[in-house]
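# Remarks on the overall topology
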Amino acid sequence: QVQLVESGGGLVQSGDSLRLSCVASGRLFIADTLAWFRQAPGKEREFVAAIRPSGGSTEYAESVKGRFSSSRENAKNTVFLQMNSLKPEDTAVYYCAAQKFRGLLPTTLASYDSWGRGTQVTVSS
């Protein structure tokens, strides 16, 4: 497994931007698919974005396409989630997850074997 620590959450207004970071340790970072999930109060955890080890391919949930962008700096064992045009419905705890790369960009929770503790994002209207 790999240890993941998210940061960058906060309270913002609708239309603002935030950039989340997730630093990994404990496993070869460049061999992992990294993903972002989120969980709003009273709702199930849902997929947001995933990025291949090389950073050359990404996958996004329909609800965030065109607004969110994921990138990674393998030299710093860090993955990012740039969130633009935030909406109140984006309010959630955002989690970073990792999986040893298997050639796909999975979007299900069960596909990932390591999780961070999350960072709160709150968007006011």
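Scope of this entry: the structure provided in the associated data block. (Residues numbered from 1 in each chain as written. Predicted model: local features only at pLDDT ≥ 70, side-chain atom pairs only at ≥ 80, totals over all residues. Heavy atoms only, no water.)

### Comments concerning the sheet that holds strand E7 (residues 68-73)
- The strand order across the open sheet built from four strands is E1-E3-E8-E7, with neighbouring strands paired in antiparallel fashion. The open sheet has two edge strands, strand E1 (3-7) and E7, and neither has a second partner. For this sheet, the mean inter-axis angle between neighbouring strands, taken without regard to orientation, is 20°.
- Both E1 and strand E3 (residues 18-25) contribute to a ladder of five bridges, which runs antiparallel. Its bridge partner being in E3, serine 7 is matched across the sheet by serine 21. (Pairing = 2+ DSSP bridges. Helix = DSSP H or I, 4+ residues; strand = E, 2+ residues; numbered from the N terminus. Axes fitted to C-alpha atoms, helices over the stretch in contact; angles between N-to-C directions.)

### Examining the packing of aromatic side chains
- Applying the stated criterion to the full structure yields four aromatic pairs.
- Between phenylalanine 37 and tryptophan 115 the ring centres are 5.0 Å apart and the planes differ by 55°, which places this aromatic pair in the tilted class. Of this pair, phenylalanine 37 sits in strand E4 (residues 32-39) while tryptophan 115 sits in strand E10 (residues 114-115), and the two are 78 residues apart along the sequence.
- Ring geometry for tyrosine 112 against tryptophan 115: centres 6.5 Å apart, planes inclined by 70°, an arrangement best described as edge-to-face. (Phe/Tyr/Trp six-rings, centres within 6.5 Å; stacked < 30°, edge-to-face > 60°.)

### Some thoughts on the environment of serine 7
- On the secondary structure map, serine 7 appears in strand E1.
- For serine 7 and cysteine 96, which are 89 residues apart along the polypeptide, the C-alpha to C-alpha distance reads 9.9 Å.
- With residues up to four places along the chain from it excluded, the contact list for serine 7 reads Arg19, Leu20, Ser21 and Thr119. (Contact = heavy atoms within 4.5 Å.)

### Side note on unusual backbone geometry
- Despite not being glycine, asparagine 77 shows a phi value in the positive range, around 50°.
- Tracing the backbone shows asparagine 77 in the loop between E7 and strand E8 (78-83).
- You will see that serine 85, though not glycine, has its phi angle at about 50°, which is positive.
- For serine 85, the location among the structural elements is in the loop between E8 and strand E9 (92-100).
- Exposure remark for serine 85: the relative accessible area of 42% places this residue in the partly exposed category. (Buried < 20%, exposed > 50% of the residue type's maximum accessible area, 1.4 Å probe, protein only.)

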